Amino acid sequence: MTNPRKANIFALTIRRICTMTPRQVRSVLTVLELGSVHRAAEALYLAPSSVSAQIRELSTELGISLFEASGRGIVPSSALRQLHTSLQSFLNHAEHIAQLAHSLAHEPSGVLKLFAPSSMCIYRLPRLIEAMQLQAPRVEIMLTHEPFAYRQALQTGEIDAAIIVSQVQPEACHYHLLHNEEVVFVCHPERWQASTLSLTALNAHPLITTEEACSYRVAAEAHFRALGLHLKPRQAFTNVEVIRRCLLANMGLGLLPACVVEDDVAQGHLKIQAVEGTPYRFQSALIYPEGRTALPKLSAFIQVLEQQRLATPLDTSTT
């Protein structure tokens, strides 16, 4: 038999969840971000009294204090700090539903929020964005690149999808392949050697790589470790364009996706240096969580992506 007391508690919880509104949550999160009711009211185009009322309403609904007095201002309570991520997720999902409902009756529109590494932002996405502007002109694409915790942002709905460059297909994700990518060692023609370099010989050069957490560098470090060696970069940058500029200035030998230096190699400004055990092979792909309905704006982008992929050979082999 169902416990009446537990049933009442469950019903009360459901009622509280159902009466919590995106407007209330947006006001609370804006105050949390800007640090005051007055600044939040200005950002939301509301009267301060309306923002304060929404904070009180949500506090009552949840049965907790969301802010505490501190001098002449307020600070977030411990409870609000713990609820911050969940409230943001609630608001993101509410906006997702609203956009989906709107798009069911209209052509794809709104802001499509994507994460992509800088190499993809610069060298892969411009053609996709150009095609998207023709196919879905009411969709605005907003790009975020590293450093950024895209996995968490995908789960909370902060972004719609992510473009990754990886050697392993992630689990529990829709996966749309863009290109087979190769990551290579590159240098100025004056530094290039006709013979294939060993990793020991490679380490004698001033090496320039991406940052430690980057998948390109992780692959190179694993390669070095497998031979009992340690990758010793002289410089490391988060942006591939910075590395490319350093190579053009003959500052060292760099690790980059082949697509980044494709034009430079074709024009003779840079050369791909043969190194034992390379190139490192990756795939670039668009991903978003399984179980999430793709909004029309994302579906339109996926359609453009598939059209581009069919029109462009996947093989980027440099050998």
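Heads up: the structure comes first, above all this text.
Residues numbered from 1 in each chain as written. Predicted model: local features only at pLDDT ≥ 70, side-chain atom pairs only at ≥ 80, totals over all residues. Heavy atoms only, no water.

**Description of the overall build of the protein chain**
Consideration 1: For the protein chain, the helix and strand inventory stands at 13 helices and 11 strands.
Consideration 2: Per-residue burial for the protein chain yields a buried fraction of 41% across its 319 residues.
Consideration 3: Put simply, of all contacts in the protein chain between residues at least 6 apart along the chain, 78% involve residues at least 24 apart.
Consideration 4: Carbon and sulfur atoms make up 53% of the accessible area of the protein chain, which amounts to about 17100 Å² in all. (Helix = DSSP H or I, 4+ residues; strand = E, 2+ residues; numbered from the N terminus. Buried < 20%, exposed > 50% of the residue type's maximum accessible area, 1.4 Å probe, protein only. Contact = heavy atoms within 4.5 Å. Areas by Shrake-Rupley, 256 points an atom, 1.4 Å probe, with all protein chains shown as cover.)

**Some remarks on the nonpolar core**
Consideration 1: In this structure, Leu 202, Leu 286 and Phe 301 are the most contacted members of the largest nonpolar core, which totals 56 residues.
Consideration 2: Sequence-distant contacts of Leu 286, defined by excluding residues within four places in its chain, comprise Ala 161, Ala 162, Ile 163, His 174, Tyr 175, His 176, Leu 178, Leu 298, Phe 301, Ile 302 and Leu 305.
Consideration 3: Counting 16 residues, the second-largest nonpolar core is a separate cluster that includes Val 37, Ala 40, Leu 80 and Leu 91. (Core = buried A, V, L, I, M, F, W, Y, C linked by side-chain atoms within 4.5 Å.)

**Description of the side chain of Glu 146**
Consideration 1: With respect to the element layout, Glu 146 can be found in the loop between strand E4 (139-144) and helix H8 (150-156).
Consideration 2: As a buried residue without a salt bridge, Glu 146 has its nearest oppositely charged side chain in Arg 151, at a separation of 12 Å.
Consideration 3: The contacts of Glu 146, once residues within four sequence positions are left out, are Phe 115, Ala 116, Pro 117, Ser 118, Glu 211 and Thr 238. (Lys, Arg positive; Asp, Glu negative; His and termini not counted. Salt bridge = Lys/Arg side-chain N within 4 Å of Asp/Glu carboxyl O.)

**Examining the packing of helix H2 (residues 22-34) against helix H4 (residues 48-62)**
Consideration 1: Close contact between H2 and H4 brings their axes to 9 Å; oriented N to C, the two are set at 110°. Classified by the angle between their axes, H2 and H4 sit roughly perpendicular to one another. Taken together, the residues of H4 that come into contact with H2 (itself represented by Arg 23, Gln 24, Val 25, Ser 27, Val 28 and Val 31) are Val 51, Gln 54, Ile 55, Glu 57 and Leu 58.
Consideration 2: When its residues are assigned to classes, the contact of H2 with H4 shows 6 nonpolar, 3 polar and 2 charged. (Axes fitted to C-alpha atoms, helices over the stretch in contact; angles between N-to-C directions. Parallel < 35°, antiparallel > 145°, perpendicular 65-115°, else oblique. Nonpolar A, V, L, I, M, F, W, Y, C, P; charged D, E, K, R; others polar.)

**Section: unusual backbone geometry**
Consideration 1: Following Thr 278, the chain continues to Pro 279 via a peptide bond in cis, the omega torsion being 10°.
Consideration 2: The residue Tyr 45 is not glycine, and still its phi comes out positive at about 60°.
Consideration 3: Along the chain, Tyr 45 falls in the loop between helix H3 (37-44) and H4.
Consideration 4: Under the relative-accessibility criterion, Tyr 45 is labelled exposed at 76%.

**Side note on the pattern of salt bridges**
Consideration 1: All told, the structure shown has 10 salt bridges when counted by the stated rule.
Consideration 2: One salt bridge connects Arg 124 with Glu 181, and the closest N-O pair in it is separated by 2.9 Å. In this pair, Arg 124 sits in the loop between helix H6 (118-123) and helix H7 (125-135) while Glu 181 sits in strand E6 (residues 173-187), placing the two residues 57 residues apart along the sequence.
Consideration 3: Residue class for Glu 181 comes out buried when judged on its relative accessible area of 3%.
Consideration 4: A salt bridge links Glu 306 to Arg 309, with the nearest nitrogen and oxygen atoms 2.9 Å apart. Residue Glu 306 and its partner Arg 309 are both found in helix H13 (residues 296-311); the two are separated by 3 residues, about one turn of the helix.

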